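# Architecture at a glance
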Amino acid sequence: MAAEEGAMSPTRMLAEGHLRVATGGGAPADGGIAVRHLPHHHPVKKDGVGGKTEQDNHEDVDSLPSQELKKLSNGNNKVPGTLDDYKRLVVPIVDEYFSTGDVELAASELRGLGSNQFQHYFVKKLISMAMDRHDKEKEMASVLLSSLYADLLSSYIISEGFMMLLESVEDLTVDIPDAVDVLAIFIARAVVDEILPPVFLARARALLPEFSKGIQVLQVVEKSYLSAPHHAELVERKWGGSTYFTVEEAKKRIQGILREYIESGDIDEAFRCIRELSLPFFHHEVVKRALTFGMENMSSQPLILKLLKEAAAGCLISSNQISKGFSRLAESVDDLSLDIPSAKDLFDKLVSTAISEGWLDASFSKSAASEEEMQDTIAEKVKRFKEESGHIIHEYFLSDDVPELIRSLEELSAPEYNPIFLKKLITLAMDRKNREKEMASVLLSSLSLELFSTEDIIKGFIMLLQSAEDTALDIVDAPSELALFLARAVIDEVLIPLNLDEISSKLRPSSSGNQTVQMARALLSARHSGERILRCWGGGTGWAVEDAKDKITKLLEEYNTGGDLAEACRCIRDLGMPFFNHEVVKKALVMAMEKQNDASILALLQECFGEGLITINQMTKGFSRVKEGLDDLVLDIPNAQEKFGGYVELATERGWLLPTFASIP
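Cut-offs applied
Residues numbered from 1 in each chain as written. Predicted model: local features only at pLDDT ≥ 70, side-chain atom pairs only at ≥ 80, totals over all residues. Heavy atoms only, no water. Phe/Tyr/Trp six-rings, centres within 6.5 Å; stacked < 30°, edge-to-face > 60°. Helix = DSSP H or I, 4+ residues; strand = E, 2+ residues; numbered from the N terminus. Buried < 20%, exposed > 50% of the residue type's maximum accessible area, 1.4 Å probe, protein only. Lys NZ or Arg CZ within 6 Å of the ring centre and 35° of its normal. Salt bridge = Lys/Arg side-chain N within 4 Å of Asp/Glu carboxyl O. Axes fitted to C-alpha atoms, helices over the stretch in contact; angles between N-to-C directions. Left-handed = near helix turned anticlockwise from the far one by under 90°. Contact = heavy atoms within 4.5 Å. Nonpolar A, V, L, I, M, F, W, Y, C, P; charged D, E, K, R; others polar. pLDDT = per-residue confidence, 0-100. Polar contact = N/O pair within 3.5 Å; in protein donor to acceptor, adjacent residues only side chain to side chain. Core = buried A, V, L, I, M, F, W, Y, C linked by side-chain atoms within 4.5 Å. Domains from an automatic or database assignment.

### Some details on the packing of aromatic side chains
Inspection of every chain in the model, using the stated rule, returns 12 aromatic pairs. When the centroid spacing of 4.5 Å and the interplanar angle of 50° are considered together, the rings of Phe186 and Trp239 count as tilted. Separated by 53 residues along the polypeptide, Phe186 in helix H8 (residues 179-192) and Trp239 in the loop between helix H11 (231-236) and helix H12 (247-264) bring together distant segments of the chain. Comparing Phe186 with Trp239, the two get one shared label, buried. One aromatic cluster is present, built from ring pairs that chain together Tyr86, Phe118 and Tyr121. Over the face of the ring belonging to Phe293 we find Arg289, whose NZ or CZ atom lies 5.7 Å from the ring centre. The ring centre of Phe661 lies 4.8 Å from the NZ or CZ of Lys627, which sits over that ring.

### Quick notes on the pattern of salt bridges
Taken as a whole, this structure holds 24 salt bridges when the rule is applied. The salt bridge involving Glu583 is made with Lys587; its shortest N-O contact spans 3.7 Å. Within this pair, Glu583 and its partner Lys587 are both found in helix H30 (residues 581-595), separated by 4 residues, close to a single helical turn. The salt bridge partner of Lys643 is Asp598, with a shortest N-O separation of 3.0 Å. Taken as a pair, Lys643 in helix H34 (residues 640-653) and Asp598 in helix H31 (residues 598-611) lie far apart in primary sequence, 45 residues in all. By the burial criterion, Lys643 is buried, and Asp598 matches it. Because the salt bridges share partners, they merge into one network encompassing Glu194, Lys251, Glu285 and Arg328.

### A word on unusual backbone geometry
The backbone of Glu194 shows a phi angle near 65°, a positive value even though the residue is not glycine. On the basis of relative accessible area, Glu194 is assigned to the partly exposed category, the value being 26%. Unlike most non-glycine residues, Cys315 shows phi in positive territory, near 60°. Note that Cys315 resides in the loop between helix H15 (301-313) and helix H16 (319-339).

### Remarks on the packing of helix H21 (residues 434-450) against helix H24 (residues 478-491)
At a minimum axis distance of 10 Å, the contact between H21 and H24 shows a crossing angle of 35°. For the crossing formed where H21 meets H24, the hand is right-handed. Here Lys437, Glu438, Ala440, Ser441 and Val442 of H21 lie close against H24, whose contacting residues are Glu481, Phe485 and Arg488. Partitioned by chemical class, the residues of the contact of H21 with H24 number 3 nonpolar, 1 polar and 4 charged.

### Considering the environment of Leu303
Turning to its location among the elements, Leu303 is positioned in helix H15. Sequence-wise, Leu303 and Ala290 are 13 residues apart; in three dimensions their C-alpha atoms are separated by 9.6 Å. Those residues in contact with Leu303, other than ones at most four positions away along the chain, are Tyr261, Ile262 and Gly265.

### Considerations on the confidence of the model for the protein chain
On average, residues of the protein chain score 78 in pLDDT, and 83% of them reach the 70 mark or higher. Across the protein chain, the element-wise mean pLDDT spans from 29 in strand E1 (residues 11-13) up to 93 in helix H20 (residues 418-430).

### Some points on the side chain of Lys138
As for its position among the elements, Lys138 is in helix H5 (residues 135-148). One polar contact links the side chain of Lys138 to the main-chain carbonyl oxygen of Arg133, over a distance of 2.7 Å.

### Comments concerning the environment of Leu105
Mapped onto the elements of the fold, Leu105 is located in helix H3 (residues 103-113). Residues Leu105 and Ile93, spaced 12 residues apart in sequence, show a C-alpha to C-alpha distance of 8.8 Å.

### Re the nonpolar core
Of all hydrophobic cores here, the largest spans 96 residues; its most connected members are Phe421, Phe461, Leu486, Leu495, Ile503, Phe623 and Phe644. Tallying contributions element by element places H24 first for this core, with 10 residues. Looking at which domains feed residues into this core, each of domain 3 (374-534) and domain 4 (545-654) gives three or more. Each residue touching Phe623, except ones within four places of it in the same chain, is listed here: Val585, Leu589, Phe644, Tyr647, Val648, Ala651, Trp656, Leu657 and Phe661. Listed in part, the 68 residues of the second largest apolar core include Ala150, Val180, Leu183 and Ala184.

Laid out in structure tokens, this is it:
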């Protein structure tokens, strides 16, 4: 995909007010002001939100003649009744827009299609087609989205479109190798242009598979673009952008106009300055900034309300732009509360006044309440889950009843919050005694077998490590404790060593969390690391490691005496320590060497392996531990090396060992 170097502004506002996106480089024509991302100026009724997401197969669509599309927009043809019809008609609209740069024509044709329930597909198709073109088309696509925002495309529809793109990144990379980075820029640009709320990133992350390319896109957005110094300017200039009149400059001019109006009270002069901006579809910024001034300085509120009321009555500011300005302020009212404690009450009064005076649509209060209610519902659900999880974990620490905890967790019916539960479990355990820490590790091992996916566990540890610095304020040795939990999870086969690399990649290089991962790696690389890590808190559900070893020794001796395979297997199962079964393997092999009862012991191992009681990982670990200690064993059992070689040969034939065993020194 060729990149277009040094692209000039793709937008320009002509003096007569006709907005057209330039299809080639150059300065604005006819003395107009080039403005990036500002919408077309056809006042239209705000449409409803879209329907459910459907995946696009990226099929080739034959272009329709422009005349046919014009008939559609004039109502002389049927609007698309199905998604397939909509797909067939959207592609030529996008192609024609890329050729002509005419925002108004594209908006008119899209409006003529109707089918609001499919509009999220238009967002997806516009971006996916631009991704495979030059920087000029990418910039044009971002401009068009901003132009259509509020009048034709709601924030919800745009979010749905980007969500579909995130779900399709794997397919997009087949034809567009740098799809991850390109889509990341589009999302960052949408956030900077304020057509996509920043919370979209968190919501999308919760819905995407942990290691999908969609997650990679979100990481690039946050780390490479939105967290960079001067990120807004960086993103705006990525594909050339406007070299004349940026959004930030427009905001500064609006702020200056409003300040001058508040000082002078000259409403006619204020209207003249707003008109001279020639930014009719950026008037929502005028509304938002004016309302903010009114909340910050109560004495200016009458002037502000008068300005907005008369601007709406005189059609200087459209009803859509009024609503959009209120909506944007509603989204940031929580942040405003930090500086203006009564911000929410003040905003509610402004909404009530505007509705009662007839210059704000009455439906605004309902939609705002609905959005706020949805966010409150999610927040309340998370809060309730954390509280319930705390009760369940405290009960577990008292009862040591793993099955009961699993039943209680299943009753919460919130698997999407499994990482939150893991974080809560380990955080509570770190602030308690070794018994609870050991119980937490044992529980994690059980949950990984029955309820939690590897992705849940990885995400939970990432959450823990990202907040490690805060945790250390309350728990001084939190980093070392977390390192032990991580290392123990690897020893217990809850995680594999490679997962530590995945976890580390999600953390800042110099962060406390990343240092904790390095500590865990160091613990695991030490000689006899498995045994040492298992001993750190005592093995099993509250038992000390030595107690667990004694039980294993006794059950093996009883088996050696009685030869009851079924009873021996039952005793191993009753230990309830599947992650410690490598100790059973180790002690069994050493006993076979010492007592010269190879056949009986190997029969027990075969039975345990056949039943799935001892996994191939635990079997390999047990053999590895014996291999590590052969030099010491030879002092007491002269033929230990020869015996062990025979056991390894038999185990390899029967498939007990992983292929990696041969490479263990």
